[in-house]
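# Results of the structural survey
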Amino acid sequence: RGLQNKVLEAMAAAKPVVLTTPAATGIHAQNGIHCIVADDPTRFADQVVTLLADAEQCKRIGQAARRYVVEHYSWDREMAKLESLLAESAIPLTRP
């Protein structure tokens, strides 16, 4: 899903991310450590304002987010998974 890729890109860039539960689906980062999950619009806005006012928290969450992405995601590892799935599901082509 495209949104998760954008979240991972921001995290890889050490940016603190506030996101909703649907946007966090499949990422498995820890709320409050690697990102902040807030589904209610008021809480979401409050979390953004809190981050904007606290440079240390921004830095801490951003750095944790970057470490998380580096430890759990890599193009080589993800492409190997895809290649394995494709190889397993390949139907041999035969000529008549």
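Scroll up to find the structure this text is about.
Below is a short write-up of the structure.

Rules behind the numbers
- Residues numbered from 1 in each chain as written.
- Predicted model: local features only at pLDDT ≥ 70, side-chain atom pairs only at ≥ 80, totals over all residues.
- Heavy atoms only, no water.
- Helix = DSSP H or I, 4+ residues; strand = E, 2+ residues; numbered from the N terminus.
- Rg over C-alpha atoms; globule rule 2.2 N^0.38 Å.
- Contact = heavy atoms within 4.5 Å.
- Lys, Arg positive; Asp, Glu negative; His and termini not counted.
- Charge placed at Lys NZ, Arg CZ, Asp CG, Glu CD.
- Axes fitted to C-alpha atoms, helices over the stretch in contact; angles between N-to-C directions.
- Parallel < 35°, antiparallel > 145°, perpendicular 65-115°, else oblique.
- Nonpolar A, V, L, I, M, F, W, Y, C, P; charged D, E, K, R; others polar.
- Core = buried A, V, L, I, M, F, W, Y, C linked by side-chain atoms within 4.5 Å.
- Buried < 20%, exposed > 50% of the residue type's maximum accessible area, 1.4 Å probe, protein only.
- Polar contact = N/O pair within 3.5 Å; in protein donor to acceptor, adjacent residues only side chain to side chain.

Each helix and strand in the protein chain was counted, giving five helices and two strands. Each helix and strand of the protein chain, placed in order from N terminus to C terminus, yields the pattern α-β-α-β-α-α-α. Its C-alpha radius of gyration of 18 Å places the protein chain more than 25% over the 12 Å reference for a compact globule of 96 residues. C-alpha atoms of the protein chain, sized along the principal axes, occupy 70 × 25 × 15 Å. Sequence-distant contacts in the protein chain: of pairs separated by 6 or more residues, those separated by 24 or more amount to 45%. Seen as two clouds, the 11 positive and the 11 negative side-chain charges of the protein chain have centres 3 Å apart.

For the pair helix H3 (residues 41-53) and helix H4 (residues 55-72), interaxial distance at closest approach is 5 Å and the crossing angle is 105°. On the basis of the axis angle, H3 is roughly perpendicular to H4. Here Thr-50, Leu-51, Leu-52 and Ala-53 of H3 lie close against H4, whose contacting residues are Ala-55, Gln-57, Cys-58 and Ile-61. Looking at the contact of H3 with H4 residue by residue, the class counts come to six nonpolar, two polar and no charged.

So, about the nonpolar core. Residues Val-7, Met-11, Leu-19, Ile-27, Ala-29 and Tyr-68 are the most contacted members of the largest nonpolar core, which totals 14 residues. If you list the elements that add at least two residues to this core, you get helix H1 (2-12), helix H2 (21-24) and H4. Here Met-11 is in contact with Val-17, Ile-27, Ala-29, His-34, Gly-62, Ala-65, Arg-66, Tyr-68 and Val-69, once residues within four sequence places are set aside. Counting six residues, the second largest nonpolar core, distinct from the first, contains Ile-36, Ala-38, Leu-51 and Cys-58.

Looking at the secondary structure, you find His-34 in the loop between H2 and strand E2 (36-37). A distance of 2.9 Å separates a polar atom in the side chain of His-34 from the backbone nitrogen of Gln-30. His-34 has contacts with Met-11, Ala-29, Ile-61, Ala-64, Ala-65 and Tyr-68, leaving out every residue within four places of it along the chain.

Our focus in this paragraph is the environment of Ile-27. Assignment of secondary structure puts Ile-27 in the loop between H2 and E2. In this structure the C-alpha to C-alpha distance between Ile-27 and Gln-4, which are 23 residues apart in sequence, comes to 7.2 Å. With sequence-adjacent residues up to four places away left out, Ile-27 is seen in contact with Gln-4, Val-7, Leu-8, Met-11, Tyr-68 and Tyr-73.

Here we take up the side chain of Gln-4. Here Gln-4 is to be found in helix H1. A polar contact is formed between the side chain of Gln-4 and the backbone oxygen of Pro-22, at a distance of 3.2 Å. Excluding anything up to four places from it in sequence, Gln-4 contacts Pro-22, Ala-23, Thr-25 and Ile-27.

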